[in-house]
Amino acid sequence: MQQGNIAIEVKGLSKDFDVSESGKGFSGKLKALFHRRRKIITAVDAIDFEINRGEFVGYVGENGAGKSTTIKMLTGILVPTSGSAEVNGIIPFKERKKNAAKIGVVFGQRTQLWWDLPVRESFDLLRVIFRVSQPDFNSQIKKLDKALGLDPLMNMPVRKLSLGQRMRCDIAASLIHNPPVLFLDEPTIGLDVLAKESIRNFLTEINRDEGTTIILTTHDMNDIEQLCKRLIILEEGKIMYDGETELLKQKFIHEKVIEVEFHDDGNVIQGIPGVTVVREQGCKTWLTFDNDNYGIGDVIGTIASRYEIKDISVNEPSVESIIRNIYNTRVTRATPSEESRNK
Amino acid sequence: MNPKLFLKFVSVSFQKQVTYRFDCFVGIVNGFLYVFIFTSLWKALYSQFDTTMHNGYTLTAIVTYAVLVMAVRISFTMDDSIIYRKVMDGSIAMELIRPTSFFFMNLAENVGHSLFHMMARTVPIVMISVFLFDIYIPFEVQRLLIFIVSCIAGYILVSMMNFIAGLLAFWFIEIFPFLLFKYAFYTFFSGGIVPIDFFPEFLKPLVNLLPFQYMLYYPTTILIGRASLVEAQSIIMAQLIWIVIMGAICCLMWGAGKKKLIIQGG
Ligand SMILES: Nc1ncnc2c1ncn2[C@@H]1O[C@H](COP(=O)(O)OP(=O)(O)OP(=O)(O)O)[C@@H](O)[C@H]1O
Ligand SMILES: [Mg+2]
């Protein structure tokens, strides 16, 4: 590979959408040609990132943050308004077909299978499209079948599959040519716990064994926590966090929750610096403490020396709660966002 | 584009048509009705005059034209709203993530569609018509071969026309009314209703500037023997030139359109 270790490189990538009211329909568009009162949404706003080969990156953000739009640009479906991107050293919107041969794509809410054809025939068409040799195809299908349990579905027409079954087939379809880079846009929507689990295991496996670079968009933070070492958080088309998933906690969690259990009720904790009581119930008390200015050891030490305690634990917040916090603070911080985006 | 892949997609599209058998029956009746109406109209018209020849057509010749132009037109049946629908529901995205040419995949889809209509509708309609109407076709192997070549060229032109019309959805999204207009325009200016020879003089310069006459009219005139074999060769040359011109338009529109394309629905 001429690009060495870099799988995806994105520089100043932007995409605007024209959402002018008058711009709808044939006559509307014609009218809009004459008086240009336009309303533009910047769905993706000058983002930069680099993803190395073999990385497993979570790409998250609220609804409408611009995740799918980014993926559509990286897969060559959409042409960006400005900026550049390279995937496997190929510019997706210049050489769409060349790029497509080297990537796998799943859009959870759509299918790339043929609605009327049995799954097996869809796979066979993809084999021809991606010029996969018959032996390679057979061994890949065997592998995919083992991981995703495709065998009972193979002879069913796609339109008769349940959502989860279809998703498994779509994931398999995206991997028939064993692409070095895989884009997954919400591949776990609507899946049951077991299906999610098997898909997660499978993704971990191909990332580890084949070194497949995976970019995963999801609203399920368990997916992120279990799969993605690296996290990119998008907010209104801009990247607001790009780093290790673990480090997110350090960066955004300024408070930790301590759960204290006494032998009997009626104990009141007060006067410990940096600590606030949030809830008391029976023998239990929940405290938060200022993580930035006080050490956890000191706080626990002080509590243990002053009170007779039965049990004490520190709750690590989940990625979900952190992200919920990030989204929440955004909502309280600024509401006139719509306006600022309409250039 | 890989010929094997092309044929595979032709067959997928063909099979899809097979599932709509009822449509096909309706299609035969509908097609035959057209043939019946047009031939009856010509007979009625010709009986009004003493002269037996109009614009170079005897009654037999014009009836033959009416039947055969319909046969070609039905064989050229394709779904001109495919691209429009793929843009409307956003499923075009799933096609663009494949390393295949959008134009050729669209052509393959059209060919499968048309082959089905040719087998299921054209063949029975022509067979019935041969029995019912007074038809004369000069049988010469060479003429037949040139006719087939000319039909293929005409078919490519129709497919390109529909591709160009469909691509307008990249700009305007809602183009259905336009497609209806296009269909009417194509049917008339290709000679699908009345041979070009019957067009009023003031329309002829326009007709000669447009590619439509090379879609149905000229291939049909080759088969019915109105064009000599020498003329037929220059017809095919003209068709090839139009394929180059329209191919260039397809390329330019595709290049510009993909920048405009937006995906509906997430
Ligand atoms: N076809 C379109 N026309 C107009 N605006 C669009 C179009 N597609 C997306 N947008 C706008 O671009 C922004 C980003 O959309 P995008 O689909 O990328 O969001 P997302 O992060 O994938 O959200 P979700 O989590 O809901 O899938 C949204 O404000 C959306 O309204
Ligand atoms: Mg999305």
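Note that the structure is a prediction, hence the values are computed from the model and not measured.

K.L.:
Report on the sheet that holds strand β5 (residues 103–107) of chain A, specifying residues and quantitative values.
P.N.:
All names here are of chain A. Taken in spatial order, the 6 strands of this open sheet run β5-β6-β7-β3-β8-β9, and their pairing is mixed. Each end of this open sheet is capped by a strand with a single partner; those strands are β5 and β9 (238–244). Sheet twist, expressed as the mean angle between neighbouring strand axes with direction ignored, is 15 degrees. In the sheet, strand β3 (residues 56–61) pairs with strand β7 (residues 213–217) via 4 bridges, with the strands oriented parallel. What sits directly across from Tyr59, in β7, is Thr217.

K.L.:
Report on the nonpolar core, specifying residues and quantitative values.
P.N.:
Formed by 170 residues in total, the largest nonpolar core has its most connected members in Ile8, Phe49, Phe123, Phe183, Leu203, Leu248 and Ile323 of chain A. Sort the elements by how many residues they give to this core and helix α7 (residues 141–172) of chain B lands first, with 17 residues. Within the second largest apolar cluster, 11 residues are counted, among which are Ile258, Val299, Ile303 and Tyr307 of chain A.

K.L.:
Go over the pattern of salt bridges with me, naming the residues and quoting the values.
P.N.:
Residues and elements named next belong to chain A. Applying the stated criterion across every chain yields a total of 24 salt bridges over all chains. Here Arg166 ties to Asp170 by a salt bridge, and the two come within 3.1 Å at their closest N and O atoms. Of the two residues, Arg166 and Asp170 are both situated in helix α6 (residues 163–174); the distance of 4 residues between them amounts to about one turn of the helix. Residue Arg166 is classed as buried on the basis of its relative accessible area, which comes to 9%. Arg200 serves as the salt-bridge partner of Glu197, at 4.0 Å between the closest nitrogen and oxygen.

K.L.:
Describe in detail the side chain of Thr221 of chain B, supporting the description with residues and values.
P.N.:
Topologically, Thr221 of chain B is positioned in helix α10 (residues 217–224). For Thr221 of chain B, the residues in contact, after removing those within four places along its chain, are Tyr57, Tyr65, Arg226, Ala227 and Ile235 of chain B.

K.L.:
Lay out the site of ligand 1 with the relevant residues and their values.
P.N.:
Contacts to ligand 1 come from 15 residues, most closely from Gly64, Lys67, Ser68, Thr69 and His219 of chain A. Flanking ligand 1 are residues from chains A and B. A distance of 3.2 Å separates an oxygen atom of ligand 1 from a polar backbone atom of Ala65 of chain A. The backbone of Ile263 of chain B places a nitrogen or oxygen atom 3.0 Å from a nitrogen atom of ligand 1. For ligand 1, whose accessible area on its own is 640 Å², the fraction buried by protein is 78%. Top element by residues in the shell around ligand 1 is helix α2 (residues 67–74) of chain A. It accounts for 3 residues. In the shell around ligand 1, the residues fall into 6 nonpolar, 6 polar and 3 charged.

K.L.:
Any chance you could break down a nonpolar patch on the surface for me, citing the residues and the numbers?
P.N.:
On the surface, Met237, Leu240, Ile241, Ile245 and Ile249 of chain B cluster together into a nonpolar patch covering about 420 Å² of accessible area. Owing to a relative accessible area of 47%, Ile241 of chain B belongs among the partly exposed residues under this scheme.

K.L.:
I'd love a proper account of the packing of aromatic side chains, names of residues and values included.
P.N.:
This model, assessed by the stated rule, comprises 28 aromatic pairs over all chains. Centroid distance Tyr57 of chain B to Phe198 of chain B: 5.5 Å. Interplanar angle 50 degrees. Geometry classified as tilted. Placement of the pair is Tyr57 of chain B in the loop between α2 (21–47) and α3 (59–75) and Phe198 of chain B in the loop between α8 (176–189) and α9 (204–209), with a sequence separation of 141 residues. Given a relative accessible area of 0%, Tyr57 of chain B falls into the buried group. Ring-pair connections join several aromatic residues into one group, and the members of that group are Trp42, Tyr46, Tyr57, Tyr65, Phe198, Tyr214, Tyr217 and Tyr218 of chain B. Sitting over the face of the ring of Phe137 of chain A, Arg127 of chain A holds its NZ or CZ atom 5.8 Å from the ring centroid. Between Arg226 of chain B and the ring centre of Tyr57 of chain B, over which it is positioned, the NZ or CZ distance is 4.1 Å.

K.L.:
I'd like a rundown of the packing of α7 of chain B against helix α11 (residues 229–260) of chain B, residues and numbers included.
P.N.:
Residue and element names in this part refer to chain B. As a packed pair, α7 and α11 sit with axes 9 Å apart at the nearest point and diverge in direction by 20 degrees. Regarding the angle of α7 to α11, the classification is roughly parallel. For the element pair α7 and α11, the recorded crossing hand is left-handed. Split by residue class, the contact of α7 with α11 holds 25 nonpolar, 6 polar and 3 charged.

K.L.:
Which residues make up the side chain of Asn106 of chain B, and what values go with them?
P.N.:
Mapping Asn106 of chain B onto the fold places it in helix α6 (residues 102–132). Owing to a relative accessible area of 5%, Asn106 of chain B belongs among the buried residues under this scheme.

K.L.:
Would you mind going over the confidence of the model for chain B in detail, with residue names and values included?
P.N.:
Residues of chain B with pLDDT of at least 70 account for 99%, and the chain-wide mean is 93. In the predicted assembly, ipTM is 0.88 and pTM is 0.87.

The rules behind each value
Residues numbered from 1 in each chain as written. Chains lettered and ligands numbered in written order. Predicted model: local features only at pLDDT ≥ 70, side-chain atom pairs only at ≥ 80, totals over all residues. Heavy atoms only, no water. Pairing = 2+ DSSP bridges. Helix = DSSP H or I, 4+ residues; strand = E, 2+ residues; numbered from the N terminus. Axes fitted to C-alpha atoms, helices over the stretch in contact; angles between N-to-C directions. Core = buried A, V, L, I, M, F, W, Y, C linked by side-chain atoms within 4.5 Å. Buried < 20%, exposed > 50% of the residue type's maximum accessible area, 1.4 Å probe, protein only. Salt bridge = Lys/Arg side-chain N within 4 Å of Asp/Glu carboxyl O. Contact = heavy atoms within 4.5 Å. Near = heavy atom within 4 Å. Polar contact = N/O pair within 3.5 Å; in protein donor to acceptor, adjacent residues only side chain to side chain. Areas by Shrake-Rupley, 256 points an atom, 1.4 Å probe, with all protein chains shown as cover. Nonpolar A, V, L, I, M, F, W, Y, C, P; charged D, E, K, R; others polar. Patch = residues over 30% accessible without salt bridge, like charges linked within 9 Å, V, L, I, M, F, W, Y side chains within 5 Å. Phe/Tyr/Trp six-rings, centres within 6.5 Å; stacked < 30°, edge-to-face > 60°. Lys NZ or Arg CZ within 6 Å of the ring centre and 35° of its normal. Parallel < 35°, antiparallel > 145°, perpendicular 65-115°, else oblique. Left-handed = near helix turned anticlockwise from the far one by under 90°. pLDDT = per-residue confidence, 0-100.

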